[in-house]
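Take a look at the letters that make up each chain.
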Amino acid sequence: MTQSIGFIGGGNIAEAMISGLKQSNSSFEIRVTNLSNRGRLQGLVDRYNVIAAPLIELVEDSRVLIIAVKPKDVQAVLKDLKDFPLKDKLVISVAAGVPLKVFYKYLPGVAVIRAMPNTSMAVLHSMTGLVRGDNVTEKQAEIGEKIFSATGRIMWVPEKNINALTAISGSGPAYFYLFAESLIKAGVELGLSEEEAEILVLETLIGSGKMIAESDKSPGKLREEVTSPNGTTYAALNVFTDEKLAETVLNAAKACARRAEDLEGEYSE
């Protein structure tokens, strides 16, 4: 059965979702509206064969509405939606920092799921956290699962844990990209060409990820197995330990979670 999905907003996270959905399941009928950037909307139509639609048509013809605008713009969207009949619709928000109570304020009685995916949806390997709103039925929860399971794995969490999830998986890809950037620069400093360093780093990152995903061993155990006592890897890891890498990672995750909490306060007003 074809699932009709309407995206309100056509930015990076919407495009990652659309790309993943189109790769994984052709039964999704996707509409998009993006009033702020007509050129980008046309680009989505050209690249993914989605349907460009005005808001009124998108709402009428979509069973699921995905709010994919910037967090600061969510309340304006909700003000536009509050006059539509939405009782049989499922609303999904992928905007960071906008709590369910904001949706309850503007759309009382409407089924809302709060989602925190990451941009790895585009390659079908997202880790998406889902928060189930008060009015979501079992069937609607299954629909939400189907959409996000098509682009990776999902995890239902209580809303109080969504900021922690954001700090780990929502923003997590950027942490790995930064490490990869830094290791490439290190390779260049050691005498490799940038092209050589990039190949070495990216293939190592991919291989390490597959090892973690496919092995029954923990990341810690895998680390131990490639670290000979007083060897080359041991020397490198000692520097990470001396520079308090674990503490730095913890502080970064805490900063991310705090910022997500701050946004919830800002966007609840």
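Residues numbered from 1 in each chain as written. Predicted model: local features only at pLDDT ≥ 70, side-chain atom pairs only at ≥ 80, totals over all residues. Heavy atoms only, no water.

Some points on the overall build of the chain
Next, step 1: The helix and strand inventory of the chain stands at 12 helices and 8 strands.
Next, step 2: Considering only C-alpha atoms, the chain reaches an extent of 65 × 40 × 35 Å along its principal axes.
Next, step 3: Counting over 269 residues, the chain shows a buried share of 41%.
Next, step 4: Across the chain, the fraction of contacts at a sequence separation of at least 24, relative to all contacts at a separation of at least 6, is 66%.
Next, step 5: Element-wise, carbon and sulfur atoms account for 56% of the exposed surface of the chain, whose accessible area totals about 15000 Å².
Next, step 6: Taking the 29 positively charged and 34 negatively charged side chains of the chain as two groups, their mean positions are separated by 6 Å. (Helix = DSSP H or I, 4+ residues; strand = E, 2+ residues; numbered from the N terminus. Buried < 20%, exposed > 50% of the residue type's maximum accessible area, 1.4 Å probe, protein only. Contact = heavy atoms within 4.5 Å. Areas by Shrake-Rupley, 256 points an atom, 1.4 Å probe, with all protein chains shown as cover. Lys, Arg positive; Asp, Glu negative; His and termini not counted. Charge placed at Lys NZ, Arg CZ, Asp CG, Glu CD.)

Examining helix 6 (residues 138-149)
Because an α-helix completes one turn every 3.6 residues, residues spaced three or four positions apart along the sequence face the same direction.
Next, step 1: Helix length check: helix 6, at 12 residues, gives a terminal C-alpha distance of 16 Å against a target of 16 Å (1.5 Å per residue), a fit within 8%.
Next, step 2: Buried within helix 6 are the following residues: Gln140, Ala141, Ile143, Gly144, Ile147 and Phe148. Viewed along the axis of helix 6, the buried residues span an arc of 155°, placing them on a single side of the element. (Expected span 1.5 Å × (residues − 1). Arc of directions from axis to C-beta.)

Remarks on the pattern of salt bridges
Next, step 1: All chains considered together, the criterion is met by 12 salt bridges.
Next, step 2: Arg47 serves as the salt-bridge partner of Glu15, at 3.0 Å between the closest nitrogen and oxygen. Taken together, the residues Glu15 in helix 1 (residues 12-24) and Arg47 in helix 2 (residues 38-48) connect sequence positions 32 residues apart.
Next, step 3: With a closest N to O distance of 2.8 Å, Arg114 and Glu159 form a salt bridge. Here Arg114 is found in strand 6 (residues 111-116), whereas its partner Glu159 is found in the loop between strand 8 (152-156) and helix 7 (162-170), with 45 residues between them in sequence. (Salt bridge = Lys/Arg side-chain N within 4 Å of Asp/Glu carboxyl O.)

Some details on the nonpolar core
Next, step 1: Within the largest apolar cluster, 31 residues are counted, with the highest numbers of intra-cluster contacts made by Phe7, Ile92 and Ile147.
Next, step 2: Of the residues forming this core, the biggest block, 5 residues, is contributed by helix 1.
Next, step 3: Those residues in contact with Ile92, other than ones at most four positions away along the chain, are Val64, Leu65, Ile66, Ile67, Ile113, Ala115, Gly144, Ile147 and Phe148. (Core = buried A, V, L, I, M, F, W, Y, C linked by side-chain atoms within 4.5 Å.)

Details of a negative patch on the surface
Next, step 1: Taken together, the side chains of Glu194, Glu195, Glu196 and Glu198 define an acidic patch exposed on the protein surface.
Next, step 2: Mapped onto the fold, Glu196 is located in helix 9 (residues 194-214).
Next, step 3: Taking relative accessible area as the criterion, Glu196 reaches 41% and is therefore assigned partly exposed. (Patch = residues over 30% accessible without salt bridge, like charges linked within 9 Å, V, L, I, M, F, W, Y side chains within 5 Å.)

Overview of helix 12 (residues 245-266)
Next, step 1: Compared with an ideal rise of 1.5 Å per residue, which puts 22 residues at 32 Å, helix 12 spans 31 Å between its outermost C-alpha atoms and is within 8% of the ideal.
Next, step 2: For helix 12, every residue scored as buried is listed here: Ala253, Cys256, Ala257, Ala260, Leu263 and Glu264. All buried residues of helix 12 fall inside an arc of 115° around its axis, so they share one side.
Next, step 3: Along its buried surface, helix 12 packs onto strand 6, helix 7 and helix 8 (172-189).

Considerations on the packing of aromatic side chains
Next, step 1: Taken as a whole and assessed by the stated rule, the structure comprises 1 aromatic pair.
Next, step 2: With a centroid separation of 6.2 Å and 50° between ring planes, the pair formed by Phe179 and Phe240 is classed as tilted. Here Phe179 is found in helix 8, whereas its partner Phe240 is found in helix 11 (residues 232-242), with 61 residues between them in sequence.
Next, step 3: With a relative accessible area of 43%, Phe179 lands in the partly exposed category. (Phe/Tyr/Trp six-rings, centres within 6.5 Å; stacked < 30°, edge-to-face > 60°.)

Topic: the pairing of strand 1 (residues 3-8)
Next, step 1: Burial analysis of strand 1 places 6 of its 6 residues in the buried class, which makes it a mostly covered element.
Next, step 2: Burial along strand 1 is two-sided: Gln3, Ile5 and Phe7 facing one way and Ser4, Gly6 and Ile8 facing the other are all buried.
Next, step 3: Where strand 1 meets strand 2 (residues 28-33), 6 bridges bridge the pair, whose relative direction is parallel. Each bridged residue has a counterpart across the sheet, and for Gln3 the counterpart in strand 2 is Phe28.
Next, step 4: As paired elements, strand 1 and strand 4 (residues 64-67) share 4 bridges and run parallel to each other. Residue pairing in the sheet places Gly6 in a bridge with Leu65 of strand 4. (Pairing = 2+ DSSP bridges.)

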